[in-house]
Amino acid sequence: MAAADSPSAALRRRDLCSRGIRLAGKMRADVVDLLDAYVEQQGLDASASVAAVEGVPLAAVERWDEQTGTQRLLENLAAYRAFRTLLAQMLEEQREQLGEADAGLGRALAAVLLQVSAFAYHLEELLRLESRGIPGEEEDGPPPPPRLSLFEQKLRGLGVLRELAQWAVRSVRDLRQLAKPSPATGTAPGLAESP
Amino acid sequence: DSHTQYERVGADVTMKCGSMDWDAAVTWTANGTDIDESHLNGSYLILKNVDLSQSGQYSCYEGSSWHLKYQTYLRVGTPPKEPVLMCRSNNYPKGFYCSWHLPTPTYIPNTFNISVIHGTKDMVCEKDAIPKNRCHIRYLQLFSTVKYKVTLTVTNALGKNYTTLTFDEFAIVKPDPPESVVAKPVPNNPRRLEVSWQNPSSWPDPESFPLKFFLRYRPLILDQWQHVELSDGTSHTITDAYAGKEYIIQVAAKDTDIGTWSDWSVAVHATTWTEEPKHLTTEAQITETTSASTSSFMAPPTTKICDKGAVVGSGAVAVCWTAGLVVAAYSVLFI
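Per chain, residues are indexed from 1 in the order of the written sequence. Written order determines the labels here, with chains lettered from A and ligands numbered from 1. Two thresholds apply to this predicted model, a pLDDT of at least 70 for residue-level local features and 80 or more for giving and counting side-chain atom pairs, whereas whole-chain, interface and lining totals are computed over all residues. The basis for every side-chain value is the complete set of non-hydrogen atoms in the structure, without hydrogens or water.

Chain B is annotated in an unreviewed UniProt entry as Ciliary neurotrophic factor receptor subunit alpha of Cnemophilus loriae. UniProt positions are given in the numbering used here, feature names are shortened, and annotations may be inferred rather than shown by experiment. Quoted verbatim from the Subcellular location (unreviewed entry) field of the UniProt record, the comment on chain B reads "Cell membrane". Check the Sequence similarities (unreviewed entry) section of the UniProt entry for chain B; it says "Belongs to the type I cytokine receptor family. Type 3 subfamily."

As annotated in an unreviewed UniProt entry, chain A is Ciliary neurotrophic factor from Cnemophilus loriae. Looking at chain A in UniProt, the text filed under Sequence similarities (unreviewed entry) is "Belongs to the CNTF family." Heading Function (unreviewed entry) of the UniProt record for chain A holds this comment: "CNTF is a survival factor for various neuronal cell types. Seems to prevent the degeneration of motor axons after axotomy."

Here it is, written out as structure tokens:
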């Protein structure tokens, strides 16, 4: 594997970042459309405040500009892995609730789930490029959520999608930061091991 | 004793002459001018249905001794109406500012108090020295789904009012318009105009938070705008302009991912290139130009009977032809 700061690695990183930015951009657009459809189909109020849902990774971050490249990749990866599980749960609930009645929403959810998985994989590629070990996924995953009422499920779904939309924007910004060449060495800032 | 008294427009005001009895003989003045006795009820001054022009210094003097017994500064005004509040981030991701004003003046001093809450957290909005009705906040968190709630309270001696704005981080992002917009004609290209501009200087990090742009242009004489959206770059060449026409051009900016479009930039004007020079040349100058470049078209003479089509000639005689007769003209020359 090329050294993390070799010219070919730098090129590959830039290429992966640009593709990642496009993936995240498309994902965000689809999540926003899905959110609109979800709100309408589930009969929710679009402006409803949803309290932070347990298990949903929050996009909000302090001192975002001070994060290292590795931090960005790891936090993004952890988030999208969590969303993969959450969206799969939502899809399951959707099928239970409505069966075939709302195939459109189910298809849209599945499409977003696919993009989330693809993006998670893309992030793993970027981490591999940095010769970073990819954190293993928990064997059992998070414990299954307690049985929620139908309404609670809907609100939870709203919280998941909203947070995912924020993450998609954050990921674009994170990848742009990663793609920036560092002025001194020509490598992306913050990707070297911290002392 | 002397103090300030605030009263509402339209109110009835009764002023007592300090500790003087009701039946004491007194004289009242308003800004140094004696007030007619018809406004008095005993030693009390009665002002009915006060208006703004009645603001001023009111003094009461004991009848015979002319000792000053009481003085007050009357200020007529209104309680505040609901203030107008606006918040915007033109320097994302650094922070945002809020600015406010009253829809109608109160004519008396007002104090403004602003509070900003993010979820459960109180944030401090630092007031700007200039302008006074503005404060700014630094973002402590980015990418939060939790909304911000800004409450502005305005208070004066006659009452108070307030307004609240609730918004999320992305919704208020609106850059300033692009700067240094320049538009130039392209030599020998009558349908082109080259436009360039710069990112607004208030936008702190265009590399990490790139802007996209919207260009609009029209000939001065038409009302219909042409639009072009540009996802990056700070220049564009218009290729469908009308030759020889003056254009008006403006540019707007937006963060590529979030928020809304800026206002339009200052308008710039440019006229597309044409063959016709603006200033007319004499025959002698035409002769000079001809010997220098035999293959180029020449300017038509002053009479303006000619089209902007080709004028062909060499030597001392410049002949004006319409475009269709150019070939014939050439053959005449070579005979």
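Anyway, onward from the coordinates.
Residues and elements named next belong to chain A. Salt bridge criterion: a side-chain nitrogen from Lys or Arg within 4 Å of a carboxyl oxygen from Asp or Glu. For the coordinates displayed, the defined rule picks out 19 salt bridges over all chains. Note that Glu66 is salt-bridged to Arg63, the shortest N-O span being 3.9 Å. Think of it in three bands: residues with accessible area under 20% of the maximum for their type are buried, residues over 50% are exposed, and the middle band is partly exposed, with areas taken using a 1.4 Å probe on protein chains only. On the accessibility criterion, Glu66 (56% relative accessible area) is exposed. Here Glu75 and Arg170 are joined by a salt bridge, their closest N and O atoms 2.7 Å apart. You can see Glu75 sitting in helix H2 (residues 69-98) and its partner Arg170 sitting in helix H4 (residues 150-179), a full 95 residues away along the chain. Taking the relative accessible area as the measure of exposure, Glu75 reaches 31% and is therefore partly exposed. On the basis of relative accessibility, which here comes to 0%, the residue Arg170 falls in the buried class. Three or more residues joined by partner-sharing salt bridges are found here, namely Arg12, Arg81, Glu124, Glu125 and Arg128. Here a helix means four or more residues in a row that DSSP labels H or I, a strand means two or more in a row labelled E, and each is numbered from the N terminus.

Residue and element names in this part refer to chain B. Pairing is antiparallel in the open sheet, where three strands are placed in the order S2-S6-S5. What marks the edges here is a single partner per strand, and that holds for strand S2 (13-15) and strand S5 (40-41). By definition, two strands form a pair when at least two bridges between them are found by DSSP. Two strands pair when backbone bridges link them, and S2 and strand S6 (residues 44-47) are joined in this way by three bridges, in the antiparallel orientation. By the bridge assignment for S6, Thr14 is matched with Ile46.

Right, let's talk about unusual backbone geometry for a bit. Residues and elements named next belong to chain B. The omega torsion across Tyr92 and Pro93 is 5°, close enough to zero to call that bond cis. Relative to the elements of secondary structure, Pro93 occurs in the loop between strand S9 (84-88) and strand S10 (95-101). Residue Pro131 follows Ile130 across a cis peptide bond; omega there is -5°. You can see Pro131 is positioned in the loop between strand S13 (126-127) and strand S14 (134-138). The backbone of Trp66 sits at a positive phi, close to 55°, despite the residue not being glycine. Here Trp66 is to be found in the loop between strand S7 (56-62) and strand S8 (68-77). Note on Trp66: relative accessible area 44%, which makes it partly exposed. Not every positive phi belongs to a glycine, and Tyr107 is a case in point at roughly 70°. Along the chain, the position of Tyr107 falls in the loop between S10 and strand S11 (111-118). Looking at Tyr107, the relative accessible area reads 47%, which means it is partly exposed.

What follows deals with the environment of Thr155 of chain B. Residue and element names in this part refer to chain B. Along the polypeptide, Thr155 turns up in strand S16 (residues 148-156). The sequence separation of Thr155 and Gly95 amounts to 60 residues, and the corresponding C-alpha distance is 27 Å. Residues are treated as being in contact if the distance between any of their heavy atoms lies within 4.5 Å. Dropping the residues within four chain positions of it, Thr155 is found in contact with Pro109, Asn110, Thr111 and Lys160.

Another aspect to go through is helix H3 (residues 103-129) of chain A. An α-helical turn contains 3.6 residues, so any two residues separated by three or four positions project in the same direction. One less than the residue count of a helix, multiplied by 1.5 Å, gives the span that helix is expected to have. Taking 1.5 Å of rise per residue, 27 residues should cover 39 Å, and H3 of chain A covers 39 Å from first to last C-alpha, within 8% of that figure. With its phi angle positive at about 55°, Ser131 of chain A sits one or two positions after the end of H3 of chain A.

A separate point is the nonpolar core. Here, nonpolar core refers to any group of buried Ala, Val, Leu, Ile, Met, Phe, Trp, Tyr and Cys residues whose side-chain atoms link them within 4.5 Å. Judged by nonpolar contacts, the single largest core of 90 residues is most densely connected at Tyr80 and Leu87 of chain A together with Tyr92, Phe96 and Ile249 of chain B. Residues lining this core come from more than one domain, with at least three contributed by each of domain 2 (84-167) and domain 3 (179-271) of chain B. Counting residues in each nonpolar core, the second largest holds 16 residues, with Met20, Val26, Val50 and Leu74 of chain B among its members. The start and end points of each domain follow an automatic or database-based domain assignment.

All names here are of chain B. Read across the open sheet, the four strands follow the order S12-S11-S16-S17; overall the sheet is antiparallel. Two strands in the sheet have a free side with no partner beyond their single neighbour: strand S12 (121-123) and strand S17 (159-167). Each adjacent strand pair in this sheet contributes to an overall mean axis angle of 25°, direction not counted. All axes are obtained by fitting lines to C-alpha atoms, using only the stretch in contact for helices, and the reported angles, taken between N-to-C directions, cover 0 to 180 degrees.

Turning our eyes to something else, we now look at the state of the cysteines. Residue and element names in this part refer to chain B. Here, the term disulfide refers to a pair of cysteine sulfur atoms separated by no more than 2.5 Å. Per the stated rule, a full pass over the model turns up three disulfides over all chains. Residue Cys17 pairs covalently with Cys60 via a disulfide, S to S 1.9 Å. Between Cys17 and Cys60, the S-S torsion sits near -105°, and that sign places the bridge as left-handed. Pair noted here: Cys17 is in the loop between S2 and strand S3 (26-30) and Cys60 is in strand S7, with a separation of 43 residues, a long-range link. Accessibility assignment for this pair places Cys17 and Cys60 in one class, buried. For Cys125, the disulfide goes to Cys135, at an S-S distance of 1.9 Å. Its torsion about the S-S bond being 90°, the disulfide of Cys125 and Cys135 is classed as right-handed. On the criterion of sequence distance, the pair formed by Cys125 in the loop between S12 and S13 and Cys135 in strand S14 is long-range, its members being 10 residues apart.

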